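Notes for the structure review
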Amino acid sequence: MKSFKHVNATTVQQASKLLREGKGKVRLNAGGTDLLAALKDKILPDYPETIVNLKTIPGLDYIREDATGLTLGATAKLADIAQSALVREKYPLLADAVEAVATPNVRNMATIGGNLCQDTRCWYYRYPDQIGGKLVCLRKGGEKCFGLEGDNRYHAIMGAEGCHATSPSDAAVALSALNAQLVVRGSAGLRVIPIAQFYNSFGTDLKSDEVLTEIRVPRPPAGSKQVYQKFRLRQPIDFAIVSVASLLVKENGKVKEARLALGGVAHGPVRAAKAEALLKDQVPNAELAEQAGLQAVASAQPLSKNAYKVEEVKVLVKRAVLA
Ligand SMILES: Cc1cc2nc3c(=O)[nH]c(=O)nc-3n(C[C@H](O)[C@H](O)[C@H](O)COP(=O)(O)OP(=O)(O)OC[C@H]3O[C@@H](n4cnc5c(N)ncnc54)[C@H](O)[C@@H]3O)c2cc1C
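These remarks concern the structure in this document. (Residues numbered from 1 in each chain as written. Predicted model: local features only at pLDDT ≥ 70, side-chain atom pairs only at ≥ 80, totals over all residues. Heavy atoms only, no water.)

1. Side note on the overall build of the protein
Assigned secondary structure in the protein consists of 12 helices and 14 strands. By its C-alpha atoms, the protein is 60 × 50 × 35 Å across when sized along the principal axes. Out of the 323 residues in the protein, the part that is buried amounts to 51%. Long-range pairs, those at least 24 residues apart, make up 64% of the contacts in the protein with a sequence separation of at least 6. Working note: accessible area of the protein is about 14,800 Å², and carbon and sulfur atoms make up 51% of it. Across the protein, the centroid of the 43 positively charged side chains sits 2 Å from that of the 32 negatively charged ones. (Helix = DSSP H or I, 4+ residues; strand = E, 2+ residues; numbered from the N terminus. Buried < 20%, exposed > 50% of the residue type's maximum accessible area, 1.4 Å probe, protein only. Contact = heavy atoms within 4.5 Å. Areas by Shrake-Rupley, 256 points an atom, 1.4 Å probe, with all protein chains shown as cover. Lys, Arg positive; Asp, Glu negative; His and termini not counted. Charge placed at Lys NZ, Arg CZ, Asp CG, Glu CD.)

Here you go:
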């Protein structure tokens with residue numbers, strides 16, 4: 001690693017001010033489980049001169065609930081969220097998704113804010129500098145996305161514009177089905193961003209001096225069945241190839257509300273709106289579940305090596321409905 005200045009922030013305002021003054025040469029650090037690897041491999045387009053520690057900001061790691069729903073401070077650790085009796089009882093989708101992240105030691109360090117803001121795992125973008133020099137892909141300011149023509153087995157199958165990398169965050173997929181909103185603060189003040197608008201083809205919607213401070217999760221409808229399914233190659237530890245977060249409410253034997261969020265398919269979680277609409281007011285059965293799977297992938301445009309992801313999504317959506 002190269003040397004850098006390290007600042008223990010004591011307020012969000014201070015962290016934002018440092019970002020603004022640093023003009024792209026300052027990076028935030030929370031648990032460090034993503035950022036430190038990126039620094040060691042020198043994969044970022046610019047190597048930061050200053051690292052700002054968010055964990056020293058007092059009181060930013062809360063997990064609490066009020067009448068409107070759950071609120072999480074950005075530095076709440078994944079392990080604490082997964083083990084929270086409150087989250088497990090009322091927001092099991094989030095607890096299960098967070099528990100599916102990495103390993104206990106990573107979850108003990110990693111924060112919810114860092115999980116949502118982590119960089120993509122695209123193997124072209126992540127290609128380590130020490131093995132023959134970095135690959136300057138489109139995301140790093142280069143001219144092309146190597147995923148488009150190269151080995152794209154883990155790349156996007158929906159909605160890619162330019163960069164075909166996917167978001168690796170399990171938490172984001174669950175939070176999408178839970179209709180979460182993200183609170184960010186910068187020099188222009190506070191913004192509340194629906195999670196559906198947080199991700200874009202090159203990362204997140206955060207402005208250069210903004211800090212993610214809070215995640216707001218509305219109370220799920222009473223009696224909702226929440227399921228997180230993650231298809232990965234190595235069961236004990238791996239990123240999702242694809243995942244599906246589902247929240248279904250039944251009334252008088254029919255689906256009253258259906259929410260299906262897909263992970264591993266695009267630059268952020270994607271709500272399967274057509275499948276959700278198809279399920280509404282219907283009696284769930286195997287045929288309907290299969291139809292929902294087909295609708296979920298109606299807009300898919302797989303690349304040369306990742307059509308298998310389309311099949312995986314169909315299977316997981318079917319299982320979600322039958323669950
Ligand atoms: C072996 C391994 C396996 C993994 N498997 C999975 C997996 O299965 N599923 C999964 O979802 N993830 C997985 N991950 C990724 C892991 O979840 C992330 O590294 C972790 O969640 C990042 O959190 P952090 O607090 O350590 O973030 P950091 O590493 O501290 O930060 C990550 C990025 O987010 C930015 N950032 C952090 N906090 C904020 C904030 N509050 N506001 C604005 N920007 C911020 C940082 O500047 C940095 O760019 C794995 C990681 C490892 C090492």
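2. Concerning the site of the ligand
The immediate surroundings of the ligand are formed by 31 residues, with Leu28, Ala30, Thr33, Thr111 and Asp170 found nearest. In the environment of the ligand, an oxygen atom lies 3.1 Å from a nitrogen or oxygen atom belonging to the backbone of Pro168. Where the shell around the ligand is concerned, the elements lending two or more residues are strand S2 (26-29), helix H7 (112-117) and strand S10 (211-218). Here the shell around the ligand gets four residues from one element, more than from any other, and that element is H7. (Near = heavy atom within 4 Å. Polar contact = N/O pair within 3.5 Å; in protein donor to acceptor, adjacent residues only side chain to side chain.)

3. A word on the packing of aromatic side chains
Per the counting criterion, the structure on display carries three aromatic pairs. Note that Arg64 overlies the ring of Tyr62, its terminal NZ or CZ placed 3.8 Å from the centroid. Sitting above the plane of the Tyr125 ring, Arg139 keeps its charged end 5.4 Å from the centroid. (Phe/Tyr/Trp six-rings, centres within 6.5 Å; stacked < 30°, edge-to-face > 60°. Lys NZ or Arg CZ within 6 Å of the ring centre and 35° of its normal.)

4. A word on the environment of Lys5
With respect to the helices and strands, Lys5 occurs in strand S1 (residues 5-8). Given a relative accessible area of 54%, Lys5 falls into the exposed group.

5. Thoughts on the packing of helix H11 (residues 286-296) against helix H12 (residues 308-322)
Their axes nearest at 8 Å, the elements H11 and H12 cross at an angle of 140°. Viewed along their axes, H11 and H12 adopt a mutual orientation that is oblique. Here H11 runs over H12; the crossing is right-handed. Facing H11, whose interface residues are Ala286, Ala289, Glu290, Ala292, Gly293, Leu294 and Ala296, H12 presents Val313, Lys314, Val317, Lys318, Val321 and Leu322. Looking at the contact of H11 with H12, its residues break down into nine nonpolar, one polar and three charged. (Axes fitted to C-alpha atoms, helices over the stretch in contact; angles between N-to-C directions. Parallel < 35°, antiparallel > 145°, perpendicular 65-115°, else oblique. Left-handed = near helix turned anticlockwise from the far one by under 90°. Nonpolar A, V, L, I, M, F, W, Y, C, P; charged D, E, K, R; others polar.)

6. Topic: the nonpolar core
Within the largest apolar cluster, 41 residues are counted, with the highest numbers of intra-cluster contacts made by Ile81, Leu94, Ile112, Leu116, Leu175, Ile215 and Val217. Mapped onto this core, the elements with two or more residues apiece are strand S5 (69-73), helix H3 (78-83), helix H5 (92-99), H7, helix H9 (170-177), strand S6 (181-186), S10 and strand S12 (242-251). Looking at this core, the element that brings in the most residues is H9, giving six residues. Aside from chain neighbours lying at most four places away, what touches Ile112 is Leu72, Gly73, Ala74, Ala76, Leu78, Ile81, Ala171, Leu175 and Ile215. Listed in part, the 26 residues of the second largest apolar core include Val242, Val265, Ala266 and Ala320. (Core = buried A, V, L, I, M, F, W, Y, C linked by side-chain atoms within 4.5 Å.)

7. Considering the pattern of salt bridges
What the rule picks out here adds up to 19 salt bridges. Across the salt bridge formed by Arg219 and Glu65, the nearest N and O atoms sit 3.2 Å from each other. On the criterion of sequence distance, the pair formed by Arg219 in the loop between S10 and strand S11 (225-231) and Glu65 in strand S4 (residues 63-65) is long-range, its members being 154 residues apart. Here Arg219 falls in the partly exposed class, since its relative accessible area comes to 43%. Of the charged contacts in the structure, one is a salt bridge between Glu276 and Arg271, with a shortest N-O distance of 2.6 Å. Since its relative accessible area comes to 13%, Glu276 is described here as buried. The structure contains a network of salt bridges with shared partners spanning Asp34, Arg121 and Arg126. (Salt bridge = Lys/Arg side-chain N within 4 Å of Asp/Glu carboxyl O.)

8. Looking at the sheet that holds S11
Spatial strand order, S11-S12-S13-S14: four strands in an open sheet with antiparallel pairing. With partners counted over all chains shown, the strands left at the sheet margins are S11 and strand S14 (270-271), one partner each. As paired elements, strand S13 (residues 254-263) and S14 share two bridges and run antiparallel to each other. In the strand pairing of S14, Leu262 is matched with Val270. Against the sheet, H12 engages S11, S12 and S13, with an angle of about 25° to S12. (Pairing = 2+ DSSP bridges.)

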